[in-house]
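Chain by chain, the residues:
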Amino acid sequence: MAYDFDLFVIGAGSGGVRAARFAAGFGAKVAVAESRYLGGTCVNVGCVPKKLLVYGAHVADELEQASGYGWTLEEGHFDWATLIANKNREIERLNGIYRNLLVNSAVTLLQGHARLIGSNEVEVDGRRYTAQRILIATGGWPFVPDIPGKDLAITSNEAFYLKTLPRRVLVVGGGYIAVEFAGIFQGLGAETSLVYRGDLFLRGFDGSVRQHLKDELEKRGLHLQFNSDIKRIDQQADGSLKATLEDGRELFADCILYATGRRPMLDDLGLENTGVELDERGYIRVDEQYQTTEPSILAIGDVIGRVQLTPVALAEGMAVARRLFKQDQYRPVDYRNIPTAVFSQPPIGTVGLSEEQALEAGHEVKIFESRFRPMKLTLTDVQEKTLIKLVVDAQTDRVLGCHMVGPDAGEIIQGLGVALKAGATKQQFDETIGVHPTAAEEFVTLRTPTR
Ligand SMILES: Cc1cc2nc3c(=O)[nH]c(=O)nc-3n(C[C@H](O)[C@H](O)[C@H](O)COP(=O)(O)OP(=O)(O)OC[C@H]3O[C@@H](n4cnc5c(N)ncnc54)[C@H](O)[C@@H]3O)c2cc1C
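Procedures and definitions
Residues numbered from 1 in each chain as written. Predicted model: local features only at pLDDT ≥ 70, side-chain atom pairs only at ≥ 80, totals over all residues. Heavy atoms only, no water. Near = heavy atom within 4 Å. Polar contact = N/O pair within 3.5 Å; in protein donor to acceptor, adjacent residues only side chain to side chain. Helix = DSSP H or I, 4+ residues; strand = E, 2+ residues; numbered from the N terminus. Nonpolar A, V, L, I, M, F, W, Y, C, P; charged D, E, K, R; others polar. Expected span 1.5 Å × (residues − 1). Buried < 20%, exposed > 50% of the residue type's maximum accessible area, 1.4 Å probe, protein only. Salt bridge = Lys/Arg side-chain N within 4 Å of Asp/Glu carboxyl O. Core = buried A, V, L, I, M, F, W, Y, C linked by side-chain atoms within 4.5 Å. Contact = heavy atoms within 4.5 Å. Lys, Arg positive; Asp, Glu negative; His and termini not counted. Pairing = 2+ DSSP bridges. Axes fitted to C-alpha atoms, helices over the stretch in contact; angles between N-to-C directions. Phe/Tyr/Trp six-rings, centres within 6.5 Å; stacked < 30°, edge-to-face > 60°.

Looking now at the site of the ligand. Around the ligand, the structure places 37 residues, and the nearest of them are Gly15, Glu34, Thr41, Lys50 and Asp302. The backbone of aspartate 302 places a nitrogen or oxygen atom 2.8 Å from an oxygen atom of the ligand. Within the backbone of leucine 309, a nitrogen or oxygen atom sits 3.3 Å from an oxygen atom of the ligand. Ranked by the residues each element gives to the shell around the ligand, the list is headed by helix α2 (residues 40–45), at 4 residues. Residues belonging to the shell around the ligand are distributed by class as follows: 16 nonpolar, 16 polar and 5 charged.

Structure below.
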C-alpha cells in the first residue's frame, strides 16, 4: 500500500522535531503535526524560559555582591513585565528557528491537533493522512491534585505569563521544577514559601546535596515547609489566596503554583483506535527500541515516562530516526550516567550514582566531600557554601557519582559526565591537573575520604 508519508510525527517538541528532521535527512517522507507551539515544552514553557528567569533572579545576587568589589549602585528596580516581554520575544525567535529547521529539512508541517484514526492513519483538522510509521512525541502536562480550590492555583505553564510579579508566592511540590520556581520568585523579590509533603525535597538526588541545598535556601530566607500538604485553597475578599494545610495551619499568598508532577499528554489522541497500551503508571508502553504494542507506532520522550529531560528526548528521537531509516548508524540510548542540573540558587549539578543509590546497588563506597566558601564571595558578606562530593567504588576505584551545589554547577558537571562515561577512576581524577583558582578544581584535589 502506498502511504502519504513514511513517518508521521505527532508533536513538534524536543523529541519529535529531532526525529522528524533526521528521518527527512535520511531520505524519508515525513510530516509533523503540532497543536500548540513549535519546540514543545522545553522551548515554550520549560527549560528555556525557566533558565532566562533564573538568570533574571541571579542578577539580584550580583547586585548584592557588588559592594564588596567596590561598586556603589543606586537602588535597583526590577520590572517583571520587561523580563517577561523580553523572554517572550526570545521564545518567538526560537519558534521561528524550529519552523525553519523543519521546513528546510523538507518536513511537512501541519498545525493542528492530531488524532489517531487507526494503526496507520492520523487526522489533523478534519484531514486524514496515512503513514507507514507513526511516532507519538506528545510530551507531558502539569498534574495538579484534585483539592477544593485547585482552579485558583497555577502551574508552571501559567507562571511564565503572569502579568505581574506576585508579592507572596506559595510553591507546592518537591521536584526540581518546584525548587527552581521557588528560587526564581524569591530571587526576584517575592516572599516565597515552598510546601512539600515529604521530609525533604529532591527525592532521588544525593542526600548531602538535598540537605546542603535546604540549608542554603533557608539562609536566603526561603520558607521551607516540609511534611506539609494543602487541603484546600480559598479566595479572600481582597483577591488573595488562603491555603489551609492538612494540619490546620493557614498560609496566605497572592499566587499558589503547583509543581506536583507531570502526566503524559494523551488527551484526545485516539489511542483507543490502535493497539497502543499504557504501562502501569499510565505512560505509553514501549520496548527498548521505542516500539509500542502496535507494530506501526512508536513513542519517545516524556510520553513514555523514562527520563523526562530534553537531551534524553533528543537522543531517543535520533535513535528512532536511525533505526527506521539509517540502520547502520543505529545506536541504543545509554541511560546510565546522564548529567543533570537543577537551576536552583545555588544550582545543583549531578552525574552518576548518589551515595544512597551506590550503597543500594551493593557497592562498597568511599565518599569524598568538601564544603567551602567560593572565592567570589570572600570579599562579600554572603555566607553561602559550595558542596562538592565524589562517590567512589572502594573495590575498583571507579568514580560512581559526582555531585555539586554551587555556582555554575550545571556547567561544571557536563565535563565530568564525559569522565564518568569513559569510566574514570578516582586515581585518574587525582592525576588530572586542576584549573586554578576555580571551584571545579576541588573535584581533582579531594584526597582524604570523609567516610
Ligand atoms: C518548567 C519545566 C522546566 C524544565 N526544565 C528542563 C531543563 O532545565 N532541562 C531539561 O533537560 N528538561 C527540562 N524540562 C523537561 C523538558 O521540557 C521535557 O523533557 C522535554 O520537553 C520533552 O520533550 P518531548 O518531545 O517528549 O515533549 P514536548 O517537548 O512536551 O513536546 C510535545 C509536543 O507535542 C504537542 N502535542 C501534544 N499532543 C498533540 C497532539 N495530539 N497533536 C499535535 N501536537 C500535540 C505539544 O503541543 C508539544 O509541543 C522542563 C520541563 C518543564 C515543564
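Okay, back to it.
Our focus in this paragraph is helix α6 (residues 176–187). Counted at 1.5 Å a residue, the expected span for α6 with its 12 residues is 16 Å, and the 16 Å between its end C-alpha atoms agrees. With 9 of 12 residues buried, α6 lies mostly within the body of the structure. Turning to α6, its buried residues number three or more, namely Ala178, Val179, Glu180, Phe181, Ala182, Gly183, Ile184, Phe185 and Gln186. Immediately beyond the C-terminal end of α6, within one or two residues, lies glycine 189, with a positive phi of roughly 115°.

This part covers the pattern of salt bridges. Scanning the model with the defined rule gives 28 salt bridges in all. Here glutamate 369 makes a salt bridge to arginine 451, at a shortest N to O gap of 3.3 Å. Taken as a pair, glutamate 369 in strand β19 (residues 365–372) and arginine 451 in the segment after α11 (426–431) lie far apart in primary sequence, 82 residues in all. Taking relative accessible area as the criterion, arginine 451 reaches 48% and is therefore assigned partly exposed. Notably, a salt bridge pairs arginine 447 with aspartate 430, separated by 3.2 Å at the nearest N-O pair. Taken together, the residues span a long stretch of sequence, with arginine 447 in the segment after α11 and aspartate 430 in helix α11 at a distance of 17 residues. By relative accessible area, which is 27% here, aspartate 430 ends up partly exposed. Residues joined by salt bridges that share partners form a network here, namely Asp206, Glu355, Glu369, Arg371, Lys389 and Arg451.

Quick look at the nonpolar core now. Ranked by size, the top nonpolar core spans 50 residues in total, and within it Phe8, Val30, Leu116, Ile136 and Ile284 carry the most contacts. Isoleucine 284 has contacts with Ile136, Leu266, Leu271, Val276, Glu277, Leu278, Thr292, Ala299, Val303 and Ile304, leaving out every residue within four places of it along the chain. Listed in part, the 41 residues of the second largest apolar core include Leu53, Leu213, Leu217 and Cys255.

For the rest of this paragraph, the subject is the side chain of arginine 322. Here arginine 322 shows up in helix α8 (residues 310–325). Aspartate 328 is the oppositely charged side chain nearest to the buried, salt-bridge-free arginine 322, at an N-O distance of 8.2 Å. Once you skip the residues sitting within four places of it in the chain, arginine 322 turns out to touch Phe26, Gln327, Gln329, Tyr330 and Arg331.

Looking now at the sheet that holds strand β12 (residues 241–245). Read across the sheet, 3 strands follow the order β11-β12-β13 without closing on themselves; strand pairing throughout is antiparallel. The strands lining the two open edges of the sheet, one partner per strand, are β11 (230–235) and β13 (250–253). Averaged over neighbouring strand pairs, the angle between their axes works out to 25° when direction is ignored. Pairing analysis gives 4 bridges linking β12 to β13, with the strands arranged antiparallel. Within β13, the position partnered with leucine 241 by the bridge is alanine 253.

A word on the packing of aromatic side chains. For the structure on display, the rule yields 9 aromatic pairs. Judged by centre distance (5.9 Å) and plane angle (40°), the ring pair of phenylalanine 8 and tyrosine 129 falls under tilted. Of the two residues, phenylalanine 8 is situated in strand β1 (residues 5–10) and tyrosine 129 in strand β6 (residues 127–136); the sequence distance between them amounts to 121 residues. Judged by relative accessible area, phenylalanine 8 falls into the buried class, the value being 0%. A residue is classified by how much of its surface remains accessible, and tyrosine 129, at 10% relative accessible area, is buried.

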